[in-house]
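# Chains, contacts and geometry: an overview
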Amino acid sequence: ASGEASFYIFPFNYYGRGTDIDLEEFETYEARYIRFRLQVLRQVKKKRYLGPRFWFDHYFAIDTDPNGELQSGDILGSIPGTVSGFGAVGIIDERNNIFSPSKGYYLELSAMRYSNVLGSDFNFTNVTLDTRKYYESPNGDELGLQFFHNSTLGSVPFNYLARLGGGRTNRGYYEGAYNDTNYTSMQAEYRHYFFDRIIGAAFVGAGTVYPNFGEIDTVLPSVGFGFRYELKKKEKIRVRLDFAFGKDTFGFYLDFNEAF
């Protein structure tokens, strides 16, 4: 079992919806909310897991820019409320290491339904597919490949739409600057040991958000490099520093273990 119980007071940037946005033009809003998430997975077969998932967020306040687009209250989710959903997740995990894999593959499929029956102020469905494949060369170099897709269908609050960017997929983009009903991305990363515990990495990716299948008009590229320091060689626990470049944007990330 895994989960989260938290209280947040956090500022966010809102850019609009879709890919036709200007990264220099955004409004800032502050959200105050509680979050409760619970996932219970059971091993149904060797390296196969299945179980329920429950997510609950309650927004006490959303403080918006008086001159911004969210202030009108016309955008779904700009007024405080509750987002509550229940669903299931299935995982096939054939990786050789959960922290920094170099062999095997990983497949995760989840489906969530947010409904008034569960106390939610919004009714929508979220489906996510995450597939990864890893290769290791005889000299220890590592190659990772990932395909990721997220669809949000129904009356979806603006801050629960499928979101591009962040420190794990489409690195280099502010997470949520580009958002829409669907998000699809692919990336590849190559890692090489320069010294005993020092690893260099290079990665490339592409992703996009779009309202409906077949209506993709812009693909957003991502490219970057990074370094890892292996804290524990046997467990392959690493500190990761990445520098990523996107279309008219840049980001750097300091985190533990690999992005995927």
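Cut-offs used in this document
Residues numbered from 1 in each chain as written. Predicted model: local features only at pLDDT ≥ 70, side-chain atom pairs only at ≥ 80, totals over all residues. Heavy atoms only, no water. Helix = DSSP H or I, 4+ residues; strand = E, 2+ residues; numbered from the N terminus. Rg over C-alpha atoms; globule rule 2.2 N^0.38 Å. Buried < 20%, exposed > 50% of the residue type's maximum accessible area, 1.4 Å probe, protein only. Contact = heavy atoms within 4.5 Å. Lys, Arg positive; Asp, Glu negative; His and termini not counted. Charge placed at Lys NZ, Arg CZ, Asp CG, Glu CD. Polar contact = N/O pair within 3.5 Å; in protein donor to acceptor, adjacent residues only side chain to side chain. Pairing = 2+ DSSP bridges. Phe/Tyr/Trp six-rings, centres within 6.5 Å; stacked < 30°, edge-to-face > 60°. Lys NZ or Arg CZ within 6 Å of the ring centre and 35° of its normal. Salt bridge = Lys/Arg side-chain N within 4 Å of Asp/Glu carboxyl O.

### A few points about the overall build of the chain
Scanning the chain from terminus to terminus reveals zero helices and 15 strands. In terms of overall dimensions, the chain is globule-like: its C-alpha atoms have a radius of gyration of 19 Å, near the 18 Å expected for 260 residues. Overall, the chain is about 60 × 45 × 35 Å in size when its C-alpha atoms are taken along their principal axes. For the chain, the proportion of its 260 residues judged to be buried stands at 47%. Nonlocal contacts in the chain, meaning residues at least 24 apart in sequence, comprise 55% of its contacts between residues at least 6 apart. Side-chain charges in the chain split into 28 positive and 32 negative, and the spacing between the mean points of these groups amounts to 13 Å.

### Concerning the environment of histidine 58
The topology assignment puts histidine 58 in strand E4 (residues 48-63). For the pair histidine 58 and serine 155, spaced 97 residues apart in sequence, the C-alpha separation works out to 17 Å. Once residues lying within four places of it in the same chain are set aside, the contact partners of histidine 58 are Arg32, Tyr33, Ile34, Gly81 and Thr82. Within polar-contact distance, the side chain of histidine 58 engages the side chain of threonine 82 at 2.7 Å.

### Observations concerning the pairing of strand E8 (residues 142-154)
Here is the key point about a regular strand: its side chains alternate between the two faces of the sheet. Both strand E7 (residues 124-136) and E8 contribute to a ladder of 13 bridges, which runs antiparallel. For tyrosine 135, the partnering residue across the bridge sits in E8 and is leucine 143. If you look at the hairpin formed by E7 and E8, you'll find five residues sitting between the two strands, and glycine 140 has a positive phi there, around 95°. Taken together, the ten bridges between E8 and strand E11 (residues 182-193) define a ladder with antiparallel strand orientation. When the sheet's bridge partners are listed, phenylalanine 147 is paired in E11 with methionine 186.

### Overview of the packing of aromatic side chains
According to the stated counting rule, one finds 20 aromatic pairs in the structure shown. For the ring pair phenylalanine 36 and phenylalanine 54, a centre distance of 6.3 Å and an interplane angle of 55° mean the geometry is tilted. You can see phenylalanine 36 sitting in strand E2 (residues 27-39) and its partner phenylalanine 54 sitting in strand E4, a full 18 residues away along the chain. The partly exposed category is assigned to phenylalanine 54, whose relative accessible area is 25%. Connected via pairs of aromatic rings, a cluster forms that spans Tyr8, Tyr33, Tyr59, Tyr114, Phe124 and Tyr160. In this structure, arginine 37 packs its charged tip against the face of tryptophan 55, placed 3.8 Å from the ring centre. Positioned above the aromatic ring of phenylalanine 203, the side-chain terminus of arginine 171 is 3.8 Å from the ring centre.

### Considering the pattern of salt bridges
Close approach of charged atoms allows side chains of opposite charge to pair. Considering all chains together, one arrives at 27 salt bridges under this definition. A salt bridge links arginine 37 to aspartate 57, with the nearest nitrogen and oxygen atoms 3.7 Å apart. With arginine 37 in strand E2 and aspartate 57 in strand E4, the pair connects residues that are 20 residues apart, well separated along the chain. By relative accessible area, arginine 37 is classed as buried at 18%.

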